[in-house]
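# Working through the structure, step by step
The primary structure of each chain is shown beneath.
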Amino acid sequence: MRQQGFQASQRLIDIANAVRSDPDLPRSAVADLLALHGEHPDDLTEAALSEQDAQALRSAAIRMFGPLAETDTDRAALALNALLAEHAAAPRLSRHDGHPWHLHVDHGDDAGWADWFLAASALALAQILSEHGRITWGACAAPNCRNFYLGIGSGSPRRYCSTTCASRARVAEHRRRKQAERRPSPAKERF
């Protein structure tokens, strides 16, 4: 069942992870991700979303890596405020392409894909930070994982993008401790 409305924060995570995994993500893959998040097919044709637009979106996603990896709430707030000041306009409710009413903060229908993405993404993270009073997103702490995650539930802050990464990290730490316990301690020198 499709959820009502847009989830700009999850769209940000999905696009950022795809671009982080493949900085040259093809235009068609960018369009597929946007379609997955509710963008209308007419807006994703090669004429409406050109290779230049896709490159600008990839660059915008890379620009969001900083706020997504930030661990300090105050620095994250400053970074989001800077993005909002540069890319956002007065909020307005919009309903188009059969979608329910939703919030837009870009500079109107003439705004480019990158500005739209940066404004919507910064607003989404700012709303989460405001609602939770802290950062609930981040970069996965598992070695060799480059994914970002979005944690918006209650409880302890997340450190991993998935249960798979959390399990791998716990097992690796357990093995490291066991191996350290098995190592003979250096002989004490006698004087």
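Structure's up top.
The notes below deal with the structure included here.

Attention now goes to the layout of surface pockets. By volume, the largest pocket is sized at about 790 Å³. If you go around the largest pocket, you meet 30 residues; those closest to its centre are Arg11, His102, Leu103, His104 and Trp116. Among the elements of the structure, helix H1 (8-21), strand S1 (92-94), strand S2 (102-104) and helix H5 (113-132) are those that each provide at least two residues to the lining of the largest pocket. At eight residues, H5 tops the list of elements feeding residues into the lining of the largest pocket. Partitioning the lining of the largest pocket into residue classes produces 13 nonpolar, nine polar and eight charged. By volume, the second largest pocket is sized at about 210 Å³.

Here Asn144, not a glycine, exhibits a phi torsion of approximately 70°, which is positive. Within the fold, Asn144 resides in the loop between strand S3 (137-139) and strand S4 (148-150). For Asn144, a relative accessible area of 84% corresponds to the exposed category.

What counts and what doesn't
- Each chain has its residues counted from 1, following the order in which its sequence is written.
- For this predicted model, a pLDDT threshold of at least 70 governs which residues receive local features, and a threshold of 80 or more governs which side-chain atom pairs are given and counted, while totals over whole chains, interfaces and linings are taken from all residues.
- Each side-chain value is derived from all of the structure's non-hydrogen atoms; neither hydrogens nor water enter the calculation.
- Definitions used throughout: a 1 Å grid over protein atoms alone; a cavity as a set of points that fits a 1.4 Å probe which cannot get out; a pocket as an open set with protein on both sides within 12 Å along at least five of seven lines; a lining residue as one with an atom within 4 Å of a point.
- Grid points are joined across faces, edges and corners, and a volume is the space filled by probe spheres set on the points.
- Each helix is a run of DSSP H or I of at least 4 residues and each strand a run of E of at least 2, with the numbering of both proceeding from the N terminus.
- Following the grouping adopted for this structure description, the nonpolar residues are Ala, Val, Leu, Ile, Met, Phe, Trp, Tyr, Cys and Pro, the charged ones are Asp, Glu, Lys and Arg, and the polar ones are all others, Gly among them.
- Only protein chains enter the accessibility calculation, which uses a 1.4 Å probe. A residue is then buried if its area is under 20% of the maximum for its type, exposed if over 50%, and partly exposed in between.

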